[in-house]
Amino acid sequence: MKRKGRLFLVLSIIAVLVILFSQCMDASKMKATETSIAGAKTCVQCHKDISNSYLNNAHFAASTPIENNNQINLGTDYVYEYDKNLKVAIEKRDSGTFQVVYFNGHEKLARRFDIAIGSGKNAYTYASWRGNILSQLPLSFFKQINGWANSPGMRTSSPDFGRIIDSRCLECHSSFIESKKESNGSLIVSHEMLKSSLVYGIDCERCHGPAGKHVEFHLKNPDKKDAKFIALYKTLTRKQRVDACGVCHSGNDAELLKSTFSFKPGEDIKEYYAHISSSQESQPDVHGQQNQMLEGSKCFTKSNSLECSTCHSPHDQNKGSLTLYSKKCISCHSTIEHTQKTLESAMVKTNCIDCHMPLKPSKVISFQQAGKSEVSPYMLRSHRIAIY
Ligand code: HEC
Ligand code: HEC
Ligand code: HEC
Ligand code: HEC
Ligand code: HEC
Ligand code: HEC
Ligand code: HEC
């Protein structure tokens, strides 16, 4: 009897604790704050069309884990020869796919493909973990040549496995990674990152800001049809709207003041970068500096409405129909004073882009194909809309 009583007491204490504990959990769930992240999986229940369409957008695939070699073109056995003794081969093995160094036919080093960076629209570059350090592999894949070549900027005399990929790379190409970077003034002493914290791809909240409170509110108030607790792009100024893209599209050469993972629409990018040089101060590059290029165009300075989403849909696949893009030009330029010579061009009515936003080689990115003496240019659209 006594024993039963004690058992009952113990069980009741456990029951009370369980209830208390679950209430604490509920309470913490209820207290979503302005900085709570809901996670991309939660958006689909209420924003189904946008979420489905977004699966085809390049941002979604800006970084991906290598799981089934989808992002690796294994069509042909590939060997990149640095010279007749030194080569790197791409080899599929039991534990994954590897870039393997051979010297005089002997294997010297093998590193696994762990992450693909880039959606593959133009290129894939690959990263491999060693403990908590991520480094770039020497060979990348380029759509332009539909083949493998030396990763941009790497030495071409021998394979380079020492190029660290730090959180900066992933601030533009992923949604989050926890950095163990301890910095000592401007000197970075550690590049370690917490592997398990990586959230691949660019998700909804990278562009819309933390949505924890938004989700909590709308789950509790399903009849409320106007958006609460989320930044409203339609109320932002043009400067704020282009800054929300510019946090990743203004290049990588400005000194960073704090991690851009915490950027929210409506903020000024000046709080994140010490100084972003304008198109007058320096020559922006077609790679990664779409903001400065566009801001250097008369279409931008002489209108107050032109911005990135005039031409780009943030959620869809921006498939390159230059005719569709040209319609955006015509929406502002209904009459154009082209000379007779220009008017003779067959594309003058349907393709404004190739003349006024031509493909240009990047000054910072090029790549080296094996056995070629010339480097291959990396071609991108010039966002300085002008007469070329
Ligand atoms: C429980 C339902 C619900 C969930 C979950 C939800 N939303 Fe919403 N959201 C709404 C409603 C309702 C609106 C207002 C109507 C509309 O614009 O669709 C809205 C509007 C928005 C808007 C438009 C704001 C504007 O400019 O008008 C954005 C952006 C947004 N949600 C982002 C998100 C993101 C990101 C997630 C996932 C992290 C998410 N929502 C999850 C219900 C939800
Ligand atoms: C978190 C960083 C980040 C933000 C914010 C961001 N982008 Fe991007 N964007 C990227 C990266 C990285 C790529 C390259 C994706 C790839 O791997 O192909 C890219 C690619 C693109 C492309 C080319 C791919 C395509 O869809 O054709 C367009 C266009 C683009 N971004 C427009 C925008 C616009 C407009 C905004 C603002 C509404 C924006 N981006 C905000 C990082 C970002
Ligand atoms: C690359 C940045 C970017 C990403 C990523 C992004 N959005 Fe948006 N989203 C925008 C911009 C910019 C607008 C405003 C468009 C405009 O006003 O022209 C917008 C508008 C919206 C709107 C309101 C207007 C509409 O079209 O209904 C909703 C809802 C929304 N986004 C939800 C989402 C969800 C859900 C995701 C993830 C699946 C997502 N967004 C991912 C940039 C982004
Ligand atoms: C400041 C933001 C930013 C940083 C940092 C950044 N990128 Fe990018 N990256 C972009 C943008 C924007 C694009 C898309 C278009 C372009 O080339 O301008 C891009 C494109 C790419 C592409 C081609 C994707 C495709 O298929 O079109 C690869 C590969 C890539 N980046 C790899 C890297 C690697 C590796 C790092 C780090 C060493 C890095 N990037 C750092 C913004 C960034
Ligand atoms: C939001 C409206 C708007 C859009 C969209 C737009 N432009 Fe413009 N564009 C302007 C304005 C305003 C000017 C300045 C006209 C002036 O100087 O009187 C301009 C100027 C130009 C010029 C002359 C540039 C120079 O340096 O003299 C060209 C060429 C041009 N636009 C082509 C285009 C093309 C091509 C597109 C599409 C890719 C386009 N524009 C989209 C508003 C726009
Ligand atoms: C007047 C129209 C227009 C505006 C405004 C515009 N873009 Fe583009 N953008 C284009 C066209 C056209 C392409 C090429 C599409 C293609 O080839 O499929 C392009 C391509 C891109 C690409 C892919 C890289 C490349 O060169 O192919 C990125 C990234 C990009 N735009 C980002 C931006 C950002 C960020 C903004 C705002 C600062 C912006 N764009 C504003 C028309 C525009
Ligand atoms: C074959 C190349 C070519 C094509 C295609 C083309 N342009 Fe032009 N555009 C030029 C040249 C060159 C000039 C300078 C005047 C001249 O020589 O005709 C110019 C001048 C302009 C100007 C400045 C003159 C003015 O009227 O203010 C605008 C705006 C313009 N183009 C817009 C467009 C638009 C919009 C399209 C697409 C419907 C387009 N262009 C297609 C080559 C082209």
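Residues numbered from 1 in each chain as written. Chains lettered and ligands numbered in written order. Predicted model: local features only at pLDDT ≥ 70, side-chain atom pairs only at ≥ 80, totals over all residues. Heavy atoms only, no water.

As annotated in an unreviewed UniProt entry, the protein chain is Cytochrome c-552/4 domain-containing protein from Pedobacter ginsengisoli.

Enquirer: It is not clear to me how the sheet that holds strand 5 (residues 106-112) should be interpreted in this structure. Could you clarify?
Expert: Consider a sheet: its strands pair through backbone hydrogen bonds, and that pairing is either parallel or antiparallel. As summarised here, the arrangement of the four strands in space is 2-3-4-5, forming an open sheet in which the pairing is antiparallel. With partners counted over all chains shown, the strands left at the sheet margins are strand 2 (78-81) and strand 5, one partner each. Neighbour-to-neighbour, the strand axes of the sheet open up by a mean angle of 25 degrees, direction not taken into account. Pairing between strand 2 and strand 3 (residues 86-93): four bridges, direction antiparallel. By the bridge assignment for strand 3, Tyr-78 is matched with Ile-90. (Pairing = 2+ DSSP bridges. Helix = DSSP H or I, 4+ residues; strand = E, 2+ residues; numbered from the N terminus. Axes fitted to C-alpha atoms, helices over the stretch in contact; angles between N-to-C directions.)

Enquirer: Would you mind going over the site of ligand 3 with me for this structure?
Expert: Neighbouring residues of ligand 3: 14 residues in total, closest Tyr-54, Cys-204, Cys-207, His-208 and His-315. In the environment of ligand 3, an oxygen atom lies 3.1 Å from a nitrogen or oxygen atom belonging to the side chain of Arg-241. Between ligand 3 and His-315 there is a distance of 2.8 Å, counted from a nitrogen atom to a side-chain nitrogen or oxygen. Among the elements of the structure, helix 2 (48-54) and helix 4 (204-208) are those that each provide at least two residues to the shell around ligand 3. Considering only residue class, the shell around ligand 3 consists of seven nonpolar, five polar and two charged. (Near = heavy atom within 4 Å. Polar contact = N/O pair within 3.5 Å; in protein donor to acceptor, adjacent residues only side chain to side chain. Nonpolar A, V, L, I, M, F, W, Y, C, P; charged D, E, K, R; others polar.)

Enquirer: Please clarify how the pattern of salt bridges should be interpreted in this entry.
Expert: Pairing between side chains becomes possible if they bear opposite charge and their charged atoms approach one another. Under the criterion given, the structure shown has 10 salt bridges. One salt bridge in this structure joins Arg-93 and Glu-91, with 2.8 Å as the shortest N-O distance. Residue Arg-112 is joined to Asp-114 by a salt bridge in which the shortest nitrogen-to-oxygen separation is 2.8 Å. The class for Asp-114 is buried, based on a relative accessible area of 12%. A network of salt bridges, in which partner residues are shared, links Glu-91, Arg-93 and Glu-107. (Salt bridge = Lys/Arg side-chain N within 4 Å of Asp/Glu carboxyl O. Buried < 20%, exposed > 50% of the residue type's maximum accessible area, 1.4 Å probe, protein only.)

Enquirer: What is the right way to read the coordination of the iron atom of ligand 6 from this model?
Expert: Around a metal, the perfect tetrahedron of four donors has angles of 109.5 degrees, and the perfect octahedron of six donors has angles of 90 or 180 degrees. Protein coordination at the iron atom of ligand 6 comes from His-312 (NE2) and His-383 (NE2), with a distance range of 2.0 Å. Using a relative accessible area of 33% as the deciding quantity, one classes His-312 as partly exposed. Since its relative accessible area comes to 16%, His-383 is described here as buried. (Donors = N, O, S within 2.8 Å, 3.2 Å for Na, K, Ca; no water.)

Enquirer: Would you mind showing me how to read the nonpolar core here?
Expert: One finds Phe-113, Tyr-126, Leu-139 and Trp-148 to be the most contacted residues of the largest nonpolar core, which totals 18 residues. Ranked by residue count, the leading element in this core is strand 3, at three residues. When residues no more than four places from it in sequence are discounted, the contact partners of Leu-139 are Tyr-78, Tyr-80, Tyr-82, Val-88, Ile-90, Gln-99, Tyr-126, Trp-148, Ala-149, Asn-150 and Ser-151. Core analysis: the second largest hydrophobic core is formed by 11 residues, Ala-127, Trp-129, Leu-170 and Leu-198 among them. (Core = buried A, V, L, I, M, F, W, Y, C linked by side-chain atoms within 4.5 Å. Contact = heavy atoms within 4.5 Å.)

Enquirer: How should the site of ligand 4 be read in this particular structure?
Expert: Ligand 4 sits among 22 residues. The nearest are Cys-169, Cys-172, His-173, His-287 and Gly-288. Within the contact set of ligand 4, an oxygen atom lies 3.1 Å away from a backbone nitrogen or oxygen of Gly-120. Within the backbone of Lys-121, a nitrogen or oxygen atom sits 2.9 Å from an oxygen atom of ligand 4. Sorting elements by how many residues they give to the shell around ligand 4 places helix 3 (residues 167-173) first, with four residues. Looking at the shell around ligand 4 residue by residue, the class counts come to eight nonpolar, 12 polar and two charged.

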